[in-house]
Protein chains: 2
Amino acid sequence: MAINAETFFLDDRAGGTLQHRIKRFVVDGVLSGRFQPGERMPSSRALANRLGVSRITVTLAYTDLVADDYLTSRGRSGYFVSDTAPAAPSFPMEDLRDTTEIDWSRFLAHRPEPPDAVTRPSDWQSYPFPFIYGQADPTLFDSQNWRLCALQALGQKDFDALTSDQYERDDPLLVDFIRRHILPRRGIKAAPEEILITMGAQNALWLAAQLLLTQRRTAVVENPGYPGLRDILAQTRCHTAHVDVDAEGLNPDRLPETLDVLFATVSHQCPTNATMPVERRRALLERAARDGFLIVEDDYEFELTFERSPSPSLKSMDDAGAVIHVGSFSKSLFPGLRLGYLVAARPFVAEARRLRGTVLRHPPGLVQRTAANFLSLGHYDAQINRMRGAFQRRRKLMQTAIAEHGLMPAGDMTSGGSCFWMCAPDHVDTADLARRLYARGVVIEPGAAFFQDPAQGRPFYRLAYSSIASARIPKGIEIIADTIRQLD
Amino acid sequence: MAINAETFFLDDRAGGTLQHRIKRFVVDGVLSGRFQPGERMPSSRALANRLGVSRITVTLAYTDLVADDYLTSRGRSGYFVSDTAPAAPSFPMEDLRDTTEIDWSRFLAHRPEPPDAVTRPSDWQSYPFPFIYGQADPTLFDSQNWRLCALQALGQKDFDALTSDQYERDDPLLVDFIRRHILPRRGIKAAPEEILITMGAQNALWLAAQLLLTQRRTAVVENPGYPGLRDILAQTRCHTAHVDVDAEGLNPDRLPETLDVLFATVSHQCPTNATMPVERRRALLERAARDGFLIVEDDYEFELTFERSPSPSLKSMDDAGAVIHVGSFSKSLFPGLRLGYLVAARPFVAEARRLRGTVLRHPPGLVQRTAANFLSLGHYDAQINRMRGAFQRRRKLMQTAIAEHGLMPAGDMTSGGSCFWMCAPDHVDTADLARRLYARGVVIEPGAAFFQDPAQGRPFYRLAYSSIASARIPKGIEIIADTIRQLD
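Residues numbered from 1 in each chain as written. Chains lettered and ligands numbered in written order. Predicted model: local features only at pLDDT ≥ 70, side-chain atom pairs only at ≥ 80, totals over all residues. Heavy atoms only, no water.

A. Broad picture of the overall build of chain A. If you tally the helices and strands in chain A, you get 15 helices and 16 strands. With the C-alpha coordinates aligned to their principal axes, the bounding extent of chain A is approximately 85 × 55 × 50 Å. Put simply, 73% of the contacts in chain A that link residues at least 6 apart link residues at least 24 apart. Accessible area of chain A: about 18,200 Å², with a carbon and sulfur share of 51%. In chain A, 57 side chains carry a positive charge and 59 a negative one; their mean positions are 5 Å apart. (Helix = DSSP H or I, 4+ residues; strand = E, 2+ residues; numbered from the N terminus. Contact = heavy atoms within 4.5 Å. Areas by Shrake-Rupley, 256 points an atom, 1.4 Å probe, with all protein chains shown as cover. Lys, Arg positive; Asp, Glu negative; His and termini not counted. Charge placed at Lys NZ, Arg CZ, Asp CG, Glu CD.)

B. Expanded view of the UniProt feature "domain: HTH gntR-type" (unreviewed entry) in chain A. The positions that UniProt labels "domain: HTH gntR-type" (unreviewed entry) are, in the present scheme, residues 16-84 of chain A. Structurally, residues 16-84 of chain A is divided into 51% helix and 9% strand, and its ends, taken at the C-alpha atoms, are 27 Å apart. (UniProt positions renumbered as here; feature names shortened; annotations may be inferred.)

C. Representation of the domain arrangement of chain A in the model. Residues and elements named next belong to chain A. On domain assignment, one finds that chain A holds domain 1 (5-81), domain 2 (124-138 + 382-486) and domain 3 (143-378). Across the boundary between the two partners, domain 2 contributes 29 residues, which contact 27 residues of domain 3. When domain 2 packs against domain 3, the two sides together hide about 2,500 Å² of surface, and 53% of this comes from carbon and sulfur. At the junction of domain 2 with domain 3, the criterion picks out 0 salt bridges. Only helix 13 (379-404) and strand 13 (419-423) provide two or more residues apiece to the side of domain 2 that touches domain 3. Here the side of domain 2 that touches domain 3 takes 8 residues from helix 13, the largest share from any one element. Here the side of domain 2 that touches domain 3 is built from residues that sort into 13 nonpolar, 12 polar and 4 charged. (Domains from an automatic or database assignment. Buried area = accessible area lost by both parts, 1.4 Å probe. Salt bridge = Lys/Arg side-chain N within 4 Å of Asp/Glu carboxyl O. Nonpolar A, V, L, I, M, F, W, Y, C, P; charged D, E, K, R; others polar.)

D. Main features of unusual backbone geometry. The omega torsion of the bond from Asn223 of chain A to Pro224 of chain A falls at -5°, within 30 degrees of zero and hence cis. Among the secondary structure elements, Pro224 of chain A is positioned in the loop between strand 5 (218-223) and helix 9 (228-236). One non-glycine residue, Arg338 of chain B, lies in positive phi territory at about 55°. Inspection of the secondary structure puts Arg338 of chain B in the loop between strand 10 (323-328) and strand 11 (340-343). Taking relative accessible area as the criterion, Arg338 of chain B reaches 3% and is therefore assigned buried. The backbone of Arg361 of chain B sits at a positive phi, close to 70°, despite the residue not being glycine. (Buried < 20%, exposed > 50% of the residue type's maximum accessible area, 1.4 Å probe, protein only.)

E. Quick peek at the sheet that holds strand 4 (residues 195-198) of chain A. Residues and elements named next belong to chain A. The mixed open sheet is built from 8 strands, whose spatial order is 4-11-10-9-8-5-6-7. Bordering the open sheet on either side are strand 4 and strand 7 (249-250), each of which pairs with just one other strand. As paired elements, strand 6 (residues 239-246) and strand 7 share 2 bridges and run antiparallel to each other. In the sheet register, Asp246 faces strand 7, and the bridge partner there is Gly249. The strands touched by helix 8 (residues 200-212) are strand 4, strand 8 (261-264), strand 9 (294-298), strand 10 (323-328) and strand 11 (340-343); relative to strand 10, the strand with the most contacts, the crossing angle is about 155°. (Pairing = 2+ DSSP bridges. Axes fitted to C-alpha atoms, helices over the stretch in contact; angles between N-to-C directions.)

Structure follows, in structure tokens:
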């Protein structure tokens, strides 16, 4: 494309003739990679106007640059960056600015240290055996209908409304669908004012933590639990207590005496997949009422239940309004969409809306409307059914291969979802195992990141089947078993 | 659409026969607005399976509901919600949950009070004379090409990559375009690692404030200044000092002795439109170096300069790396897009990326890629030119009408932008004026929200021409003048 004359600013401080300064600007543009081979330079007239110099000055600078092979002249078409121009170094701007004058540690010093993240190669798509969790599987997503829904949202009728700044409001069509068709599946009845659209579940959990926690408050999280929560809680600088989960998830009897907010994955514990029985749920809500704490329920993956009906959410049993329910479209649609929601009492939703407004105003209108169209045309149900079918097949293959190769499950294998929680022999450090497996094209998630004390997670790992093709599963499991054997 | 059997949960606690509980669930669904007239009920077989009851139980419940006109039977097509079913009340779920058991003031008490927001009717599009600021004008936006670019991003080739969870990364195509084609217009050279994509400028300002400010630090803001900043700063609980601006924007000599972060609108002061002269900019950067503070430059609307070339940004003069530059596509594309960026030194961008990751991961991939396509195909330049042309025409009409009706400008009328900063006679309270004008179909923005002390803003108001058709301008200004006269 053409280089716009408006991008030209001559540096008054550098000295030299105007012609030299123009030359220097072009050379710098080429060497820094801003101007790329084949791009057309501004006409001498346009650049002369822009810079307030004579055309001849520009032409002389250009002629010089042709002589140095920065530019080529194509007669009446004008001047272009030469295809053989001196090349930009690979990190082009690296040396152009010196920012060492600022003591950034002074300004950024109060930030908490980054906790260990789950190790995941960012190019996981190029691995033949990606047992990676939480990513989209393009072979299962109905991108054809998504495209049609996006086009509908882009149509003139909707477009005008959706391109406006919505201040703090959400798309009423999306809220309505969630209220009438998604929440009822979780046993939840909610008014529109009790629902807030968020940038994925991550954003919903973050909003809840920000509103409810301070340095003087205590949060309780599950151990092992969702690693993303740690960063979120660290930002609030609250006290955090970890409660070990068992085969029935969190045990209300093990909660500390005083707490303000409990973060729980009730229907489907992350990462063990345990489902909390109804009696424990009742006990949990009674404790919350008695001791005056709130519960943030991360209701992820409820759609992916196979062998039995999904149990209703904790929120559906919450007569007191103490539960903040968090849902997401990252699994059922795709994670790059960044759409989720929270459902809670009005005073909380009003504050969360205000905070979201300050942080980012609102999730993009076109994204909300595209999702609303997709959902309301029934593609969501079809999508869930397709995913359930595929995941169930993959799950069977996983179970067979896991049994055949003698790998050890560490969590519930009956409650659905998109992954298994596994345990390696005692002498195996799964961080080390994961590194060895990457080299053999297999992606697994080591367990350390899920535990309060990373050492506790040493033998554990997570094996997801949401992004791996069925045909690859037996071989992938075989490689894992083989690699573990080599560590004997 | 059809009502899914999975949305049925019978309340075990409520008692009654199964048939009665099914009936009650349907009645509740209709009265609460979750089930709408014409929607098809699950088949008796599907619902019986779902609930683990016999088909006859479901059929008997349905038959009863037909008798009560909640449902109608259409023979073999099944049962539907009756078109004449008892109507849902207008706020349907209002009484279904009692959340008064939670003392929300205890949990939310530490939140700062909401500051006054600019009063803007949310249905401004239905006003004939919307002198409203910061909204899209659909007549100027090239929605046709935007649609094509969205389709391209939705194509199978891009789609697979864009639907994944990008963890903390941005779309490299968008970053590259900003780096090579947008920042150079502001005189800024930056490496990709010095750029972060944000959810609009709002999100960029929020990230900067969160990273740099604490209870023990001092922020300086312009008075009058951007109202959105107040909420952002309130969240950090920092000390805030207000510095009055004059016809040349912020005066560096008036800065307090100690400060940590200055928020400034340098090229185009918000709301007065003043452009800071180069000498003041130099002085500002020298003060920053000497006193060790950082400057967050909100470079909004730089594209909309008419009568002279845009002055380079403060960031372009920043050799020390003390400036955090914030830009936005809200004006040049549309605000509902929620896309902006920040440019700063690497250590800052790395921390901002991490914080953004915790809050929301990343702006949606499809939105980033659509914008990247639109920009790189040259539509952005065409768009800017079209907006400049239209705004310049509107601006002339505004100036003529303002002069003709004797309205008083209070700010710079030469530096472009999309609005004028105006002053009413002393006895007029523009909040009152705005209310009267709403009743006559005219939207203006009263000045109070822009000032530290709202009383200072009493006579001021902002008149934008970014969303009003040229033909409406003379009449709109006439109504404003007439309404002011009535207040004499």
